[in-house]
Amino acid sequence: MKRHLISAADLTRDDAVLILDTAEEMARVADRPIKKLPTLRGLTVVNLFFEDSTRTRISFEAAAKRLSADVINFSAKGSSVSKGESLKDTALTLEAMGADAVVIRHHASGAPYRLATSGWIDSAVVNAGDGTHEHPTQALLDAFTMRRRLVGRDAGLGKDLDGRRITIVGDVLHSRVARSNVLLLHTLGAQVTVVAPPTLVPIGIESWPCEVSYNLDEVLPKSDAVMMLRVQRERMNAAFFPTEREYSRRYGLDGDRMAKMPEHAIVMHPGPMNRGMEITAAVADSDRCTAVEQVANGVSTRMAVLYLLLGGSEPAVTTPAASRPSPTTTLDGGASRRPSDAEESK
């Protein structure tokens, strides 16, 4: 990866593990009385959202503020975009304001790539979801959650998900989360299976590094983690399955199906959940469901991404020398500054 995060495919195994390890360090900040670091003081992060979002926008805002960056939230609704302003003119405005990083969510697949390669801005660009294409930071926080649960918080440092079996279930056709997860989990050594109705399986999925199944009950006993996807009706312009009840009967996760999973296996959901459709309330509220953990882990993971992309002006987190990772490279190939013992949050 260079100086942007546009696709999970841009990340090598070492890149991904570096982000996950850095996120583990950032997570320690949440245990402090003062949950703030001076790392990105003086830098400006712009959240440029052309689509509605709650979790992702708030997560990026919290991540940037915990690193002491100045944050500008830009929503297309109520802005000049609603008057017909182009992405280029919006980008030029942000450049004039001195944005150091732009976190963009856009309804058009490829918009973050266009912004990063256009030459309109010099800022680092982070894809926060583009159309039905990708959502790389969601895949990173999901991998972070899996590594913590399946390998261990401290035992997982420096490790990937080699040999783990991950099942992704539901509306794969419209899911940018599914695409990014398949790519990243494969990079981290996991074996991925997607389960969906034939109508919700993308054309060309045979080129994806995963297996495809149409029988959820057969796959569950072999899964270390099962990720349920929301049925995205807002992106559907046709009938992709007979009824909600029929979809839930064949592809929903209830208590009986969860009982077929190995005892150590976890249930994941990127949110928001359609309770009673792809997942029952009993499963969503069980100890095996990591949906709430994923939200918390999203802040730590996005802190790690912003820190590594912007190469903070100060060390990040105090880490005991015995557990500190050895010096490695940042996402843009430069030398990474590891935390110093003298650093204290301010």
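For the structure given in this document, a descriptive report is provided here. Remember, it's a predicted structure, so these values are computed and weren't measured experimentally.

Here's the deal with the overall build of the protein
Within the protein one finds 11 helices and 9 strands. When each of the 346 residues of the protein is scored for burial, the buried share is 55%. The long-range share in the protein, meaning contacts at least 24 apart out of those at least 6 apart in sequence, stands at 75%. If you sum the accessible surface of the protein, you get close to 14500 Å²; carbon and sulfur atoms cover 50% of it.

Observations regarding the sheet that holds strand S2 (residues 70-75)
Sheets are built from strands that pair by backbone hydrogen bonding, the pairs being arranged parallel or antiparallel. Reading across the sheet, the 4 strands line up as S2-S1-S3-S4 and stay open at both edges, with parallel pairing between neighbours. The open sheet terminates on both sides in strands that have one partner only, identified here as S2 and strand S4 (124-130). On average, each strand axis in the sheet is tilted by 15° relative to the strand beside it, whichever way the strands run. Strand direction decides the pairing type here: strand S1 (residues 44-49) and strand S3 (residues 101-106), joined by 5 bridges, are parallel. By the bridge assignment for S3, Val46 is matched with Val102.

Some thoughts on the packing of helix H1 (residues 13-27) against helix H5 (residues 136-150)
Axes are the key here: two packed helices are described by the angle between their axes and the distance separating the axes. Two elements in contact, H1 and H5, have axes separated by 10 Å at closest approach and are oriented at 70°. Judged by the inter-axis angle, H1 sits roughly perpendicular to H5. Counted together, Val17, Ile19, Leu20, Asp21, Ala23, Glu24 and Ala27 of H1 and Leu140, Ala143, Phe144, Arg147 and Arg148 of H5 form the full contact between these two elements. Among the residues making up the contact of H1 with H5, the classes are represented as 8 nonpolar, no polar and 4 charged.

Examining the environment of Lys88
Inspection of the secondary structure puts Lys88 in helix H3 (residues 87-97). When the C-alpha atoms of Lys88 and Gly119 are compared, they prove to be 9.8 Å apart, with 31 residues separating the residues in sequence.

Remarks on unusual backbone geometry
With an omega dihedral of -5°, the bond running from Gly271 to Pro272 counts as a cis peptide bond. By the element assignment, Pro272 lies in the loop between strand S9 (266-268) and helix H10 (281-284). In this model, Ser68 sits at a positive phi of 70°, which is unusual for a non-glycine residue. Along the chain, Ser68 falls in the loop between helix H2 (55-66) and S2. Taking the relative accessible area as the measure of exposure, Ser68 reaches 15% and is therefore buried.

Regarding the side chain of Arg176
Along the chain, Arg176 turns up in helix H6 (residues 176-187). Within the structure, Arg176 has its side chain in polar contact with the backbone oxygen of Gly131 (distance 2.9 Å).

Quick notes on the packing of aromatic side chains
Following the criterion strictly, the structure yields 2 aromatic pairs and no others. Arranged with centres 6.5 Å apart and planes meeting at 50°, the rings of Phe50 and Phe74 form a pair that is tilted. Taken together, the residues Phe50 in the loop between S1 and H2 and Phe74 in strand S2 connect sequence positions 24 residues apart. Overall, the relative accessible area of 14% leaves Phe50 in the buried class.

Observations regarding the sheet that holds strand S8 (residues 225-228)
Ordered in space as S7-S6-S5-S8-S9, the 5 strands form an open sheet in which the pairing is parallel. Each end of this open sheet is capped by a strand with a single partner; those strands are strand S7 (211-213) and S9. Each strand axis lies, on average, 25° off the axis of its neighbour in the sheet, ignoring direction. Sheet topology places strand S6 (residues 191-195) next to S7; 3 bridges connect them, and they run parallel. Along S7, the bridge assignment pairs Thr193 with Glu211.

Definitions and limits used
Residues numbered from 1 in each chain as written. Predicted model: local features only at pLDDT ≥ 70, side-chain atom pairs only at ≥ 80, totals over all residues. Heavy atoms only, no water. Helix = DSSP H or I, 4+ residues; strand = E, 2+ residues; numbered from the N terminus. Buried < 20%, exposed > 50% of the residue type's maximum accessible area, 1.4 Å probe, protein only. Contact = heavy atoms within 4.5 Å. Areas by Shrake-Rupley, 256 points an atom, 1.4 Å probe, with all protein chains shown as cover. Pairing = 2+ DSSP bridges. Axes fitted to C-alpha atoms, helices over the stretch in contact; angles between N-to-C directions. Parallel < 35°, antiparallel > 145°, perpendicular 65-115°, else oblique. Nonpolar A, V, L, I, M, F, W, Y, C, P; charged D, E, K, R; others polar. Polar contact = N/O pair within 3.5 Å; in protein donor to acceptor, adjacent residues only side chain to side chain. Phe/Tyr/Trp six-rings, centres within 6.5 Å; stacked < 30°, edge-to-face > 60°.

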